[in-house]
Amino acid sequence: MRTIRQQLQKWMKANKMFRTDKHKKEPKPKRFKERFTERELKELMGVNRPVYRRAKGGAFRQH
């Protein structure tokens, strides 16, 4: 009489349930981390851009 493991292996071979090379996970490529200087970060956030607000009469003026 066979063990359960041997029976399972025989059944898996008969039904082709084992993993093939197609199903193996491929490692993800490492991503490049971008480094920004403080000046570049401030420019992206818009720190040095002009600010416009509504003034008297509803007109936009630079503040």
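All figures in this text were calculated on a predicted structure; none of them were measured in a lab.

1. Quick notes on the overall build of the chain
Thinking step 1. Each helix and strand counted, the chain has 2 helices and 2 strands in total.
Thinking step 2. Total accessible area on the chain is roughly 7800 Å²; 53% of this is exposed by carbon and sulfur atoms.

2. Thoughts on the pattern of salt bridges
Thinking step 1. Applying the stated criterion across every chain yields a total of 1 salt bridge.
Thinking step 2. Between E38 and K42 there is a salt bridge, with its nearest N and O atoms 3.7 Å apart. You can see E38 and its partner K42 sitting in helix α2 (residues 38–45), 4 residues apart, about one turn around the helix.
Thinking step 3. The exposed category is assigned to E38, whose relative accessible area is 59%.

3. Some words on helix α1 (residues 4–15)
Thinking step 1. When the terminal C-alpha atoms of α1 are compared, their 16 Å separation across 12 residues agrees well with the 16 Å that a helix rising 1.5 Å per residue should span.
Thinking step 2. Once α1 ends, the next one or two residues include K16, with phi positive near 50°.

4. Quick look at α2
Thinking step 1. Burial analysis of α2 places just 0 of its 8 residues in the buried class, which makes it a mostly uncovered element.
Thinking step 2. In the stretch just after α2, G46 is the one whose phi turns positive, near 80°.

5. Some words on the confidence of the model for the chain
Thinking step 1. Residues at a pLDDT of 70 or more form 87% of the chain, whose mean pLDDT is 84.
Thinking step 2. Of all the helices and strands in the chain, α1 carries the lowest mean pLDDT, 86, while α2 carries the highest, 92.

6. Comments concerning a nonpolar patch on the surface
Thinking step 1. Among the surface-exposed residues, F36, L41, L44, M45 and V47 lie close enough to one another that they form a single nonpolar patch of about 510 Å² accessible area.
Thinking step 2. Inspection of the secondary structure puts M45 in helix α2.

Thresholds applied
Residues numbered from 1 in each chain as written. Predicted model: local features only at pLDDT ≥ 70, side-chain atom pairs only at ≥ 80, totals over all residues. Heavy atoms only, no water. Helix = DSSP H or I, 4+ residues; strand = E, 2+ residues; numbered from the N terminus. Areas by Shrake-Rupley, 256 points an atom, 1.4 Å probe, with all protein chains shown as cover. Salt bridge = Lys/Arg side-chain N within 4 Å of Asp/Glu carboxyl O. Buried < 20%, exposed > 50% of the residue type's maximum accessible area, 1.4 Å probe, protein only. Expected span 1.5 Å × (residues − 1). pLDDT = per-residue confidence, 0-100. Patch = residues over 30% accessible without salt bridge, like charges linked within 9 Å, V, L, I, M, F, W, Y side chains within 5 Å.

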